[in-house]
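# Architecture and fold: a report
The lines below spell out each chain.
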Amino acid sequence: MNIAVTGATGFVGSHVVEELVAAGHAVTVLSRSPGRLGWIRRQPARVMYGDLEHPDVLRAFCAGQQVGVHGAGLTRAVTRAEFLRVNGDGSVRVLEAAL
């Protein structure tokens, strides 16, 4: 199964990717930059670069995927507005891209 994972470079997301790959799924991850990949770079996952701010990148990321796992987001932010912009608006953009 083709599975797209946001938040794959974080603690929870990285373990999700590990389990999905071990189960034989074709995994595509979204990363903001090569420097953020950490151990994910050793996984047989396709990497796309971008973030939740760009609908065109998210549409390309979701294209051809059968399942999406959205785990990207901020756990801390400078302001409430930033937290809502990234976590709320970003989640809406991921959903719209998947649809």
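Our subject is the structure listed above.
What counts, and where the lines are drawn
Residues numbered from 1 in each chain as written. Predicted model: local features only at pLDDT ≥ 70, side-chain atom pairs only at ≥ 80, totals over all residues. Heavy atoms only, no water. Helix = DSSP H or I, 4+ residues; strand = E, 2+ residues; numbered from the N terminus. Buried < 20%, exposed > 50% of the residue type's maximum accessible area, 1.4 Å probe, protein only. Areas by Shrake-Rupley, 256 points an atom, 1.4 Å probe, with all protein chains shown as cover. Lys, Arg positive; Asp, Glu negative; His and termini not counted. Charge placed at Lys NZ, Arg CZ, Asp CG, Glu CD. Salt bridge = Lys/Arg side-chain N within 4 Å of Asp/Glu carboxyl O. Pairing = 2+ DSSP bridges. Axes fitted to C-alpha atoms, helices over the stretch in contact; angles between N-to-C directions. Contact = heavy atoms within 4.5 Å.

## As for the overall build of the protein
Broken down by element type, the protein carries three helices and four strands. Reading the helices (α) and strands (β) of the protein from amino to carboxyl end gives β-α-β-β-α-β-α. In terms of overall dimensions, the protein has a C-alpha envelope of 40 × 30 × 20 Å along the principal axes. Counting only residues that meet the buried cut, the protein has 34% of its 99 residues in that class. As displayed, the protein has an accessible area near 6000 Å², and 57% of this comes from carbon and sulfur atoms. The averaged location of the 8 negative side-chain charges in the protein is 5 Å from the averaged location of its 10 positive side-chain charges.

## Comments concerning the environment of Val92
In this structure, Val92 sits in helix α3 (residues 80-98). Along the sequence, Val92 and Leu52 sit 40 residues apart, while their C-alpha atoms lie 9.2 Å from each other.

## Structural notes on the pattern of salt bridges
A complete count under the given rule lists two salt bridges for this structure. With its nearest N and O atoms 2.4 Å apart, the salt bridge here joins Arg85 to Glu53. With Arg85 in helix α3 and Glu53 in the loop between β3 (46-49) and α2 (55-62), the pair connects residues that are 32 residues apart, well separated along the chain. With a relative accessible area of 33%, Glu53 lands in the partly exposed category. Two residues, Glu53 and Arg93, come together in a salt bridge whose shortest N-O distance is 3.8 Å. Of this pair, Glu53 sits in the loop between β3 and α2 while Arg93 sits in helix α3, placing them 40 residues apart in sequence. When its relative accessible area of 18% is taken as the criterion, Arg93 is described as buried. What emerges from the salt-bridge pattern is a single network uniting Glu53, Arg85 and Arg93.

## Quick look at the sheet that holds strand β2 (residues 26-31)
If you trace the four strands from one edge of the open sheet to the other, you get β3-β2-β1-β4, paired in parallel fashion. Among the strands making up the open sheet, the edge pair consists of β3 and β4 (67-70). Shown here is a sheet whose adjacent strand axes are inclined to one another by a mean of 20 degrees, direction ignored. Of the strand pairs in this sheet, strand β1 (residues 2-6) and β4 are connected by four bridges, and their pairing is parallel. Residue Thr6 lies in a different strand from β4, and its bridge partner there is His70. Sitting on the sheet, helix α1 (residues 11-22) touches β1, β2 and β4, and the angle it makes with β2 is about 160 degrees.

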